[in-house]
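# Commentary on secondary and tertiary structure
Each chain is listed here by its residues.
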Amino acid sequence: MELTASQQDALTELINIGYARAAAALSDLTGHRISLEVPEVAIHVITDIKEKLERVITGEVASVNQVFSGPISGNAILLLDRKAAMLLNTLLTDRANTSEFDGAAREVITEVGNIVLNACLGAFGNLLKVQVTFTVPQLQIEVVHKVLTSITVAGDELEYALIIHTRFHMRTSNVSGYLVIILGVTSLERLLQELEKWEERELR
């Protein structure tokens, strides 16, 4: 499964709109200007993503997972390696740099994940006119393959994953992470159909 150039452009634009909303919410929350960049969007079969993610994220990761349902359903996960999660925590809270996922750090990472995931899934609803509902986000501190195993076992119909390389720009620092949206065949087909309709509406 490969996206066409126009599908990739439309999906990147949709995620960018979601990220602009997330950045505005994070900026309001912290009082610091924050921007989010989407350097790359790609689609993979789910059996390939463990290897691809383990190449770029090693060791323990902080993952914020949100299940969404409706005409388009699946799992959305924000993944940050330990260093990125700790730096994000320090930049957002002005706390001294720490290497531990203590209660306060967990709250911050969960809230960041909640804001980013809600903004992106909300863009599906607002722009694609597809109503999705989502569960309360769950934070997990695990290695990549355990994060993915816990998700794929829960929904064996899930077959594809959109992987969006993400960068947070704050003050003089950049934090890199990955947004992974895992979908079944039917949901992916519906997403691509709705993207096409959205593009047509935009051109009118």
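### Looking at the packing of aromatic side chains
Inspection of the entire model under this criterion finds one aromatic pair. Measuring from ring centre to ring centre gives 6.4 Å for Phe68 and Phe124, while their planes differ by 75 degrees; the resulting arrangement is edge-to-face. Linking Phe68 in strand S2 (residues 60-69) with Phe124 in helix H4 (residues 103-128), this pair joins segments that are 56 residues apart in sequence. Each of the two residues, Phe68 as well as Phe124, counts as buried.

### A closer look at the environment of Glu157
Topologically, Glu157 is positioned in the loop between helix H5 (144-154) and strand S6 (158-170). Separated by 55 residues in sequence, Glu157 and Asp102 have C-alpha atoms that sit 35 Å apart. In this structure Glu157 touches Gly184, Val185 and Thr186, once residues within four positions along its chain are discounted.

### Considering the packing of helix H1 (residues 5-30) against helix H6 (residues 185-203)
It is at 10 Å that the axes of H1 and H6 come closest, and there the two elements cross at 80 degrees. The angle between H1 and H6 falls in the class roughly perpendicular. Each of Ser6, Gln7, Ala10, Leu11, Glu13, Leu14 and Ile17 in H1 lies in contact with H6, whose residues at this interface are Leu191, Leu192, Leu195, Trp198 and Glu199. Along the lines of polarity and charge, the residues of the contact of H1 with H6 split into eight nonpolar, two polar and two charged.

Calculation criteria
In this convention, every chain numbers its residues from 1, walking through the sequence in written order. Thresholds applied to this predicted model are a pLDDT of at least 70 for local features of residues and 80 or more for the giving and counting of side-chain atom pairs; totals over whole chains, interfaces and linings are not thresholded and use all residues. With hydrogens and water stripped out, all remaining heavy atoms of the structure feed into the side-chain values. When the centres of two rings from Phe, Tyr and Trp lie within 6.5 Å, Trp using its six-membered ring, the rings pair. Their planes under 30 degrees apart give stacked, over 60 give edge-to-face, and anything left gives tilted. Secondary structure is summarised from DSSP: a helix means a run of H or I of at least four residues, a strand means a run of E of at least two, and numbering begins at the N terminus for each. Relative accessibility under 20% of the residue-type maximum defines a buried residue, over 50% an exposed one, and the middle range a partly exposed one, all with a 1.4 Å probe and only protein chains included. Contacts were defined at the residue level, with two residues in contact if any of their heavy atoms lie within 4.5 Å. Axis definition: a line fitted to C-alpha atoms, over the contacting stretch in the case of helices. Angles run 0 to 180 degrees between N-to-C directions. Under this scheme an angle from 65 to 115 degrees is roughly perpendicular, one under 35 degrees roughly parallel, and one over 145 degrees roughly antiparallel; angles in between are oblique. Gly is put with the polar residues, along with every residue not named as nonpolar or charged; the nonpolar set is Ala, Val, Leu, Ile, Met, Phe, Trp, Tyr, Cys and Pro, and the charged set is Asp, Glu, Lys and Arg.

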